[in-house]
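Analysis of the macromolecular model
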Amino acid sequence: AVSLKQEKEKMARMLEEARKQAAAARERKKSKKNKKFDRWLKQNEDERERRAKTWAERIAKENDYIDLIGKLMVAEFLRQSMNKAMGLTAERVLTDTHASEVIAKECREAYGIIFGGLKCRVVVAGS
């Protein structure tokens, strides 16, 4: 009877040990998944920051080019109208709301033509 009781206790201890090992294995697996997920989140965050920085640089560069095109357009306008309008300056042209809007629109279009490449529309016969 004593050996049977000892055998049952031994089996219970072994079963309990197996449960603990299984629980530890599950935790390790969860931990591994969590680490993988955390690594994935960090990569996504890094990629998002890199894209934001790249777009900010592109937009800043685009705005610089557009400002330069605007200065060139105003300078050419002043050169062409020098004999017609005395005392006309770049500041006076740019302070005029309508003129500055027209210049800004033209500058954006010029930038698109110079750096945007050609946009072609393909027409399929029969459509």
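Scope of this entry: the structure provided in the associated data block. Everything numeric here is computed off the predicted structure, so don't read it as measured data.

**A look at the overall build of the protein chain**
Across its full length, the protein chain holds three helices and zero strands. Listing the helices and strands of the protein chain from first to last along the sequence gives α-α-α. Against the compact-globule benchmark of 14 Å for 127 residues, the protein chain has a radius of gyration of 36 Å, which places it well outside the compact range. Across its three principal axes, the protein chain shows a C-alpha extent of roughly 125 × 50 × 20 Å. Across the 127 residues that make up the protein chain, the buried fraction comes to 9%. Across the protein chain, the fraction of contacts at a sequence separation of at least 24, relative to all contacts at a separation of at least 6, is 53%. For the protein chain, the accessible area works out to roughly 11,800 Å², and carbon and sulfur atoms hold 58% of it.

**With respect to the pattern of salt bridges**
Two side chains with opposite charge may pair up if their charged atoms get near one another. Within this structure, the stated rule accounts for eight salt bridges. Linking R48 and E45 is a salt bridge whose minimum nitrogen-to-oxygen distance equals 2.7 Å. Of this pair, R48 and E45 both sit in helix α1 (residues 2-80), three residues apart, which is roughly one turn of the helix. E47 is the salt-bridge partner of R51, the closest N and O atoms lying 3.9 Å from each other. Within this pair, R51 and its partner E47 are both found in helix α1, separated by four residues, close to a single helical turn. The partly exposed category is assigned to R51, whose relative accessible area is 42%. According to the relative accessible area criterion, E47 is partly exposed, its value standing at 30%. A single network of salt bridges, built from pairs that share partners, joins E47, R50 and R51.

**Observations regarding the nonpolar core**
Counting nine residues, the largest nonpolar core consists of I66, I69, V74, L78, V93, A99, I103, C107 and Y111. Dropping the residues within four chain positions of it, V74 is found in contact with A90, V93, L94 and I103.

**Notes on helix α3 (residues 97-115)**
Look at α3: 27 Å from first C-alpha to last across 19 residues, which is about the 27 Å you get at 1.5 Å a residue. Those residues of α3 not exposed but buried are A99, I103, C107 and Y111. For α3, the angular spread of the buried residues around the axis is 100 degrees, confining them to a single face. Opposite the buried face of α3, at more than 90 degrees from it, the exposed residues are T97, H98, E101, K105 and I113. At its buried positions, α3 is contacted by α1 and α2 (90-95). Capping the start of α3, D96 holds a side-chain oxygen 3.1 Å from the backbone nitrogen of H98, two or three residues further along.

Definitions and limits used
- Residues numbered from 1 in each chain as written.
- Predicted model: local features only at pLDDT ≥ 70, side-chain atom pairs only at ≥ 80, totals over all residues.
- Heavy atoms only, no water.
- Helix = DSSP H or I, 4+ residues; strand = E, 2+ residues; numbered from the N terminus.
- Rg over C-alpha atoms; globule rule 2.2 N^0.38 Å.
- Buried < 20%, exposed > 50% of the residue type's maximum accessible area, 1.4 Å probe, protein only.
- Contact = heavy atoms within 4.5 Å.
- Areas by Shrake-Rupley, 256 points an atom, 1.4 Å probe, with all protein chains shown as cover.
- Salt bridge = Lys/Arg side-chain N within 4 Å of Asp/Glu carboxyl O.
- Core = buried A, V, L, I, M, F, W, Y, C linked by side-chain atoms within 4.5 Å.
- Expected span 1.5 Å × (residues − 1).
- Arc of directions from axis to C-beta.
- Polar contact = N/O pair within 3.5 Å; in protein donor to acceptor, adjacent residues only side chain to side chain.

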